Amino acid sequence: MKRTIEYSISCIVGIIVYLFWAIPFRGMLNFHEEFQLFQTDSDYFFSHFLHKGGISIYISEFLVQFYNNYWIGALIIAFEFVLIQRLTLGILRRIRQSWGSKHEYLVYCASFIPMTLLWIVLGDVNVMHSLIVAVIIALLLIFILIRIFNNKIYKYVGLVVAVCFFIWTSGTNHYRIPSMILDMPNVYNAKTIELLDYDLLVRSNRWDDVIHKAEKQQPDLPLSVCATNLALGMTNQLGSRAYQFYQNGPEGLFPSFNKDPFSTLTTAEVYFHLGLINTAQRYYFEAMEAAPNYKKSCRCIRRLAETNLINGQYDVARKYLHILEKTLFYKKWAHRTLAMIDSGDKSVSAHPLYGRLRSMILKEDFLYSDREVDKICGRLVLQNHENILAMQYFLLYPVLENNYQKFVQYMNLIREEVPNSHGLASFQGYLRK
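Counting secondary structure elements, the chain contains 23 helices and 0 strands. Looking at the chain as a whole, 50% of its 433 residues are labelled buried. Within the chain, contacts between residues at least 6 apart in sequence are counted, and of these 68% link residues at least 24 apart. Summing over all exposed atoms, the chain offers an accessible surface of approximately 21300 Å²; the carbon and sulfur share of this is 61%.

Structure (structure tokens):
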């Protein structure tokens, strides 16, 4: 009966861990998955195996790729946490036997301490999943040792062997930014979690969910405002609803370029959906190169394949697609995309997304300037009247600058060139301001 209660409590804790990571902190799982590129070939395995700590990192990256579906990712973490608790309990019970302790309930409560400490530490988004794997390896070794070695001499010899094996397999590089590991911990920072959740929703093109999130809590950071405005634009609501949410000027449409993964990826998505494919491509590449632990990004690799595909750079697109062929979750998509390329240029142009974005690309070369991005949006609209997102960004930009004279000029231009535009009516109210 006592063991049944113990198992039940462990299972309940596992369910709590599962719901914790699957719902409020799903964005953290997505962030870990999108900034690694686990490959299933032997070269990738041996490149990890031959380095200290490579085994735990390899196992970790294998598991993190399942975070592609955050429900599965949360299930993995829940299982690992329960495993850590059960291993700790087994170790403590062996130690208790040698001490002769009678307080069994204290031993059971103490078994949750390592799991709880790990739970707290994982609140820092830069703590990598390999730390969980390293802890499990350590506990497994200790658990095996205390069960096998009864003689003290053998026990000490085994302990030395276990420590050496643990150092080799687990290593110490479990923090994404090693130079900052001694800084003050930044666990479960509300703003960071908010940005990661927006990042997940934008990546998934869940525009209605982005707007619903902004309705529940006003976005007040450049990236959350940017994600909200993009969602409003993609649902053709930017003109009518922009000022229902906090606006921080033109930065809310196009955040300043910073070489960090958080800001660069969100901004890249804006340029991608506008049809500024070359600029988006540069941002995706910069986002991947800005990763502090020098890992490649599955999300960026996929987008780089798509941007080159849209631009007709098929040989470069193939290079990225062949990399994704060696992954578990992107392999089928890579096969389908390679087959589309092999079918010819018409197949790409007929694709509902790639064909539409290809038609939006500016035909004339121009020098990109982030100070004239509104004018670039105007060129996109004049070339392709169906580019409703560009039209919304073009008209809202001067409003966010508080330059209503420029806004009137832009409105008159759109009335002349695109008189029947679906999104024009929603901006009429700004003329009365």
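Nonpolar side chains tend to gather and get buried jointly when the protein is soluble and globular. Residues Trp21, Phe81, Phe254, Leu274, Tyr393, Leu395 and Leu396 are the most contacted members of the largest nonpolar core, which totals 116 residues. No other element matches the 10 residues that helix 22 (residues 388-400) contributes to this core. When sequence neighbours within four positions are dropped, the list of residues in contact with Phe254 reads Val270, Tyr271, Leu274, Val373, Cys377, Tyr393 and Tyr397. Leu63, Val133, Ile137 and Leu141 belong to the second largest nonpolar core, which has 5 residues in total.

Quick look at helix 2 (residues 26-34) now. Along helix 2, 9 of the 9 residues are buried, which leaves the element largely enclosed by surrounding structure. Those residues of helix 2 that fall on the buried side of the exposure criterion are Arg26, Gly27, Met28, Leu29, Asn30, Phe31, His32, Glu33 and Glu34.

It is worth spelling out the pattern of salt bridges at this point. Side chains that differ in sign of charge can pair as their charged atoms come close. The tally for this structure, following the rule as stated, stands at 23 salt bridges. With a shortest N-O distance of 3.7 Å, Glu306 and Arg302 are connected by a salt bridge. Here Arg302 and Glu306 lie together in helix 16 (residues 298-310), a separation of 4 residues that amounts to about one turn. Look at Glu306 and you get buried, because its relative accessible area is 2%. For Glu364, the salt bridge is made with Arg379, and the minimal N-O distance between the two is 3.6 Å. In this pair, Glu364 is assigned in the loop between helix 20 (354-360) and helix 21 (373-383) and Arg379 in helix 21, connecting sequence segments 15 residues apart. Look at Glu364 and you get exposed, because its relative accessible area is 57%. Given a relative accessible area of 32%, Arg379 falls into the partly exposed group. A single salt-bridge network, built from bridges that share partners, covers Glu33, Glu34, Asp199, Arg203, Glu269, Arg299, Arg302, Arg303 and Glu306.

Any pair of aromatic rings gets described here by the distance separating the centres and the angle formed by the planes. One pass over the structure, following the stated rule, counts 26 aromatic pairs. Ring geometry for Tyr18 and Trp71: centres 6.3 Å apart, planes at 45°, overall tilted. With Tyr18 in helix 1 (residues 2-22) and Trp71 in helix 5 (residues 70-99), this pair connects stretches of sequence that are 53 residues apart. With relative accessibility at 23%, the residue Tyr18 sits in the partly exposed group. With relative accessibility at 38%, the residue Trp71 sits in the partly exposed group. On the numbers, 5.4 Å between centres and 90° between planes, the contact of Phe66 with Phe329 is edge-to-face. Here Phe66, found in the loop between helix 4 (54-64) and helix 5, pairs with Phe329, found in the loop between helix 17 (314-324) and helix 18 (331-343); they are 263 residues apart in sequence, far enough to count as distant. On the accessibility criterion, Phe329 (33% relative accessible area) is partly exposed. Here the aromatic cluster, defined as three or more aromatic residues joined through ring pairs, consists of Phe38, Tyr44, Phe45, Phe46, Tyr58, Phe62, Phe66 and Phe329. The side chain of Lys213 reaches across the aromatic face of Tyr198, ending 5.4 Å from its centre.

Let us now look at the environment of Ala305. Its place among the elements puts Ala305 in helix 16. Given a relative accessible area of 1%, Ala305 falls into the buried group. Ignoring any residue separated from it by four or fewer positions in sequence, one finds Ala305 in contact with Ala317, Tyr320, Leu321 and Trp333.

We now examine the state of the cysteines. Tallied over the entire structure, the rule returns 0 disulfides. Between Cys300, a cysteine without a disulfide, and Cys298, which holds the nearest cysteine sulfur, the sulfur-to-sulfur distance is 8.3 Å. In this structure Cys300 comes out as buried when scored by relative accessible area, which is 0%.

For the α-helix, the turn length of 3.6 residues means that residues three or four positions removed from each other point alike. Most of helix 4 sits out of view: 8 of its 11 residues are buried. Those residues of helix 4 lying buried are Gly54, Ser56, Ile57, Tyr58, Ser60, Glu61, Leu63 and Val64.

Before going further, it helps to examine unusual backbone geometry. Of note in this structure, Tyr188 is not a glycine but carries a positive phi near 50°. Looking at where Tyr188 falls in the secondary structure, it is placed in the loop between helix 9 (152-170) and helix 10 (190-203). Here Asn205, not a glycine, exhibits a phi torsion of approximately 60°, which is positive. Using a relative accessible area of 38% as the deciding quantity, one classes Asn205 as partly exposed.

The rules behind the values
Residues numbered from 1 in each chain as written. Predicted model: local features only at pLDDT ≥ 70, side-chain atom pairs only at ≥ 80, totals over all residues. Heavy atoms only, no water. Helix = DSSP H or I, 4+ residues; strand = E, 2+ residues; numbered from the N terminus. Buried < 20%, exposed > 50% of the residue type's maximum accessible area, 1.4 Å probe, protein only. Contact = heavy atoms within 4.5 Å. Areas by Shrake-Rupley, 256 points an atom, 1.4 Å probe, with all protein chains shown as cover. Core = buried A, V, L, I, M, F, W, Y, C linked by side-chain atoms within 4.5 Å. Salt bridge = Lys/Arg side-chain N within 4 Å of Asp/Glu carboxyl O. Phe/Tyr/Trp six-rings, centres within 6.5 Å; stacked < 30°, edge-to-face > 60°. Lys NZ or Arg CZ within 6 Å of the ring centre and 35° of its normal. Disulfide = S-S within 2.5 Å.

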